[in-house]
Amino acid sequence: MAALGPDVPELDRLLERDPYLAPFKQDIERRYAAFNRILKNVVDNEGGLDKFTRSYQAFGIHRFVDGGLYCKEWAPGAEAVFLTGDFNNWNPFSHPYKKMDFGKWELFIPPGPDGVNPVSHGSKLKVVIRNQSGEIFYRISPWARYVARQDISVTYDWIHWEPPTPYKRKHRVPKRPKSLRIYESHVGIASPEGKIASYKNFTHNVLPKVKDLGYNCIQLMAVMEHAYYASFGYQVTSFFAASSRYGPPDDLKELIDVAHSMGIIVLLDVVHSHASNNSEDGLNKFDGTDSAFFHSGPRGTHSLWDSRLFDYANWEVLRFLLSNLRWWIEEYGFDGFRFDGISSMLYHHHGIGVSFSGDYNEYFGMQVDEDALAYLMMANYMIHLLHPECITIAEDVSGMPALACPVMEGGSGFDYRLAMAIPDKWIQLLKEFKDEEWDMGNIVFTLTNRRHGEKYIAYAESHDQALVGDKTLAFWLMDAEMYTYMSILSPLTPVIDRGIQLHKMIRLITHALGGDGYLNFMGNEFGHPEWLDFPRRGNNESYHYARRQFHLADDQILRYRFLNAFDRDMNKLEEKCGWLASPQAYVSEKHESNKVIAFERANLLFIFNFHPSKSFTDYRVGVQIPGKYKIALDSDAPEYGGHNRLDHNTEFFTQEVSHNYRDNSVLVYIPSRVAIVLENMDITK
């Protein structure tokens, strides 16, 4: 393990890319030293990283070859621990655990007659905790692999999951894609019906759509079990259990396996930034104290989320969380993670009431939780060491430097970070400015303002914008007229026309200019109407808005199909030309009065005319590579709901006329509210 040295091996690379980090060299070295100490302790005291991060094979409940069971828990605040359940007729004290060192407890249960498992598959269990005051608590093991809410029960039950014929993978894992095109998804809402949809539904009905649309990655939200459905999966109660509301574990394994057969990788939206404060069916107060996995007192509670905050300096918490990542990769076949809520982890203030200006002093100092940072470094180091094909993405609104730089450079080790300023910019433009007031330079700045050497996932909107209280881009653009004028049998109103054209342009320029990967939330590709709202008291437990109406894009008389077709062909063109895996674009034009933006990337010439009314003939656009160009994508094409103003047989020949600091240029016709992509046919040949 090359990381075992005390110094940051490749710090010079980081400082060379960003000299402004030089004054904070000691901070970076201290952070690396904290990571290095953890790694060295794992190697010296736990038998190595491989064994340490497979602790799910020891903790919880496991069957021996002879049919007996080995049970192990960490409950440092407990005075006694017992196992109860269907297997012993719920006798709370007949099966006591033996106390070990460091707050650990273990229990051996011998096999039944003829080696029969004493705890049968599908039977219910509970850990019984007696605290130092003699109080008795019934708890679910933190390592429980399957929990379910049965009948009218409010809380979840721990169910022993050991099927006689577990699912076996049938397909090879696809290679890690060079260009990442992510379809952000939620299994439960992935149906037009007003109910909780299933893993099976997603496998059979949604995966083919994702494949057809040209996405090569699915990011699954709300998979880690969460008692409260309306939390969107962000109040996790059982970290090792796949949500049972969508079906049994094998159905999720099949979903991932089938996705792999289609060349699609699957990422898990992992929540290690906090945990639900449920104690009956969550981690909170597992051992009868308010600490254990979490900080005690006010530091252990997130004041806005009303959830518990992990103690990342605790050895057993590190074991639990690192093993949790390994579990999802090896048990289910996930290909990586999007880490939620990184900003809350990174700072003791959790970002509450803090607006980040980009001043580097905000990212270094006493306000930074360096224990959490060391955990993230460990997580990424472990994932990339043991599963180098896996991908990790950070969701951070603060702009922490080096988050997506290698650990060996002193970074946190993520492969990508989300470009979270981009959706905010589009919403701001649609809310606060008339079209003719849009600032082309500011749009380009927002789309290209990213840290050199760190990869970004660009997106025009995600699930955040779809939630109730906000609006999707389509709804900001077209609002109430979507209910009455999205049929081709109705008049094309100015509002609907503007909405359809800008929806395509916004997504294309974000895709092509905004980063090194692209993300879309399910349904938004075709302008899904309305918002997303889960059943709760405030809406009379309605599922009306907790669904995705995919049939709208399939209906040939509705204009949603135009947006769907454009999104598909945009992805297909990226798959062919690979601009996301290419160096950052060269922007040759951002003309304020003409509202024109032009740039080159991956041997393609992108031209956007955002002007609401002006079209330009013989418009000169600079281009570096000479040759013959033809239209590869045209947002004005009739199959995309455009006005068919461009002749796709036109050949554009470059002239040796320098323009906007490019050696050559072409003359094009660029209609109002149109984006075109020109491909150099000489290079293609």
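Draft legend 1. Focus on the overall build of the chain. When its secondary structure is counted, the chain shows 16 helices and 29 strands. In terms of overall size, the chain behaves like a compact globule, its C-alpha atoms giving a radius of gyration of 27 Å where 685 residues would be expected to give roughly 26 Å. Based on the C-alpha atoms only, the size of the chain along its principal axes is roughly 85 × 60 × 45 Å. Looking at the 685 residues of the chain, the share that counts as buried comes to 61%.

Draft legend 2. Geometry of the nonpolar core. Residues Trp-328, Phe-339, Tyr-375 and Trp-426 are the most contacted members of the largest nonpolar core, which totals 190 residues. Listed in part, the 18 residues of the second largest apolar core include Ala-598, Leu-605, Tyr-619 and Ile-631.

Draft legend 3. Main features of the sheet that holds strand E19 (residues 416–418). Read around the barrel, 8 strands follow the order E10-E11-E14-E17-E18-E19-E20-E21 and close on themselves; strand pairing throughout is parallel. Each adjacent strand pair in this sheet contributes to an overall mean axis angle of 25 degrees, direction not counted. Where strand E17 (residues 336–339) meets strand E18 (residues 391–394), 4 bridges bridge the pair, whose relative direction is parallel. Residue pairing in the sheet places Phe-337 in a bridge with Thr-392 of E18. Across the face of the sheet, helix H5 (residues 249–261) comes into contact with strand E11 (217–221) and strand E14 (265–270) while running at roughly 135 degrees to E14.

Draft legend 4. Focus on helix H13 (residues 494–513). For H13, spanning 20 residues, the distance from its first C-alpha to its last is 28 Å, which sits close to the expected 28 Å at 1.5 Å a residue. Counted residue by residue, H13 has 18 buried out of 20 residues, so it is predominantly covered.

Draft legend 5. How the structure looks around the packing of aromatic side chains. In the structure shown here, the tally under the stated rule is 51 aromatic pairs. When the centroid spacing of 6.1 Å and the interplanar angle of 70 degrees are considered together, the rings of Phe-337 and Phe-339 count as edge-to-face. When its relative accessible area of 0% is taken as the criterion, Phe-337 is described as buried. In this arrangement the basic side chain of Lys-253 is found over the ring face of Tyr-332, its NZ or CZ atom lying 5.3 Å from the centre. Directly above the aromatic system of Tyr-586 lies the positively charged group of Arg-662, at a separation of 3.7 Å from the ring centroid.

Draft legend 6. Broad picture of the packing of helix H10 (residues 440–448) against H13. The geometry of H10 relative to H13 is characterised by a closest axis approach of 9 Å and an angle of 45 degrees between their N-to-C directions. Considering their axes alone, H10 and H13 lie oblique with respect to each other. Between H10 and H13 lies a crossing whose hand is right-handed. On H13, the residues that touch Val-444, Leu-447 and Thr-448 of H10 are Ile-509, Thr-510 and Leu-513. Grouping the constituent residues of the contact of H10 with H13 by class yields 4 nonpolar, 2 polar and no charged.

Draft legend 7. Examining the environment of Phe-24 more closely. Of note, Phe-24 is situated in the loop between helix H1 (11–17) and helix H2 (25–45). For the pair Phe-24 and Pro-163, spaced 139 residues apart in sequence, the C-alpha separation works out to 53 Å.

Draft legend 8. Fine view of the sheet that holds strand E26 (residues 628–634). A sheet is described by the order of its strands in space; here 6 strands give the open sequence E22-E23-E24-E29-E26-E27, paired in antiparallel fashion. Since the sheet does not close on itself, it has two edges, and those belong to strand E22 (586–591) and strand E27 (652–653), each with one partner. Seen against the sheet, helix H15 (residues 560–577) touches strand E24 (604–609), E26 and strand E29 (674–680) and runs at an angle of roughly 140 degrees to E26.

Draft legend 9. Structural view of the pairing of E26. Most of E26 is tucked away, with 5 of its 7 residues classed as buried. Looking at chain direction, E26 and E27 are connected through 2 bridges and run antiparallel. Each residue of the ladder has a partner; that of Tyr-629, found in E27, is Phe-652. Taken together, the 5 bridges between E26 and E29 define a ladder with antiparallel strand orientation. Within E29, the position partnered with Leu-633 by the bridge is Val-677.

Draft legend 10. Local environment of helix H6 (residues 315–332). Over its 18 residues, H6 runs 25 Å from end to end, which matches the ideal 26 Å to within 8%, given 1.5 Å per residue. With 15 of 18 residues buried, H6 is to be regarded as a mostly interior element. At the N-terminal boundary of H6, the capping side chain belongs to Asn-314, with an oxygen 2.9 Å from the backbone nitrogen of Glu-316. One or two residues past the end of H6 sits Gly-333, with phi positive at roughly 90 degrees.

Draft legend 11. Fine view of the pattern of salt bridges. Applying the stated criterion across every chain, the model contains 44 salt bridges. In this structure, Asp-269 engages Arg-338 in a salt bridge whose closest nitrogen and oxygen atoms are separated by 2.8 Å. With a gap of 69 residues between them, Asp-269 in strand E14 and Arg-338 in strand E17 connect regions that are remote in the sequence. With respect to class, Asp-269 is no different from Arg-338; both count as buried. A salt bridge links Asp-369 to Arg-299; the nearest nitrogen and oxygen atoms lie 3.9 Å apart. With Asp-369 in the loop between helix H7 (342–346) and helix H8 (370–386) and Arg-299 in the loop between E14 and strand E15 (301–302), the pair connects residues that are 70 residues apart, well separated along the chain. The class of Arg-299 is partly exposed, set by a relative accessible area of 40%. Here the residues in one salt-bridge network are Asp-18, Asp-396, Arg-417, Arg-451 and Glu-454, joined through shared partners.

The rules behind the values
Residues numbered from 1 in each chain as written. Predicted model: local features only at pLDDT ≥ 70, side-chain atom pairs only at ≥ 80, totals over all residues. Heavy atoms only, no water. Helix = DSSP H or I, 4+ residues; strand = E, 2+ residues; numbered from the N terminus. Rg over C-alpha atoms; globule rule 2.2 N^0.38 Å. Buried < 20%, exposed > 50% of the residue type's maximum accessible area, 1.4 Å probe, protein only. Core = buried A, V, L, I, M, F, W, Y, C linked by side-chain atoms within 4.5 Å. Pairing = 2+ DSSP bridges. Axes fitted to C-alpha atoms, helices over the stretch in contact; angles between N-to-C directions. Contact = heavy atoms within 4.5 Å. Expected span 1.5 Å × (residues − 1). Phe/Tyr/Trp six-rings, centres within 6.5 Å; stacked < 30°, edge-to-face > 60°. Lys NZ or Arg CZ within 6 Å of the ring centre and 35° of its normal. Parallel < 35°, antiparallel > 145°, perpendicular 65-115°, else oblique. Left-handed = near helix turned anticlockwise from the far one by under 90°. Nonpolar A, V, L, I, M, F, W, Y, C, P; charged D, E, K, R; others polar. Polar contact = N/O pair within 3.5 Å; in protein donor to acceptor, adjacent residues only side chain to side chain. Salt bridge = Lys/Arg side-chain N within 4 Å of Asp/Glu carboxyl O.

In short, the description is geometric, and any link to function would need to be established separately.
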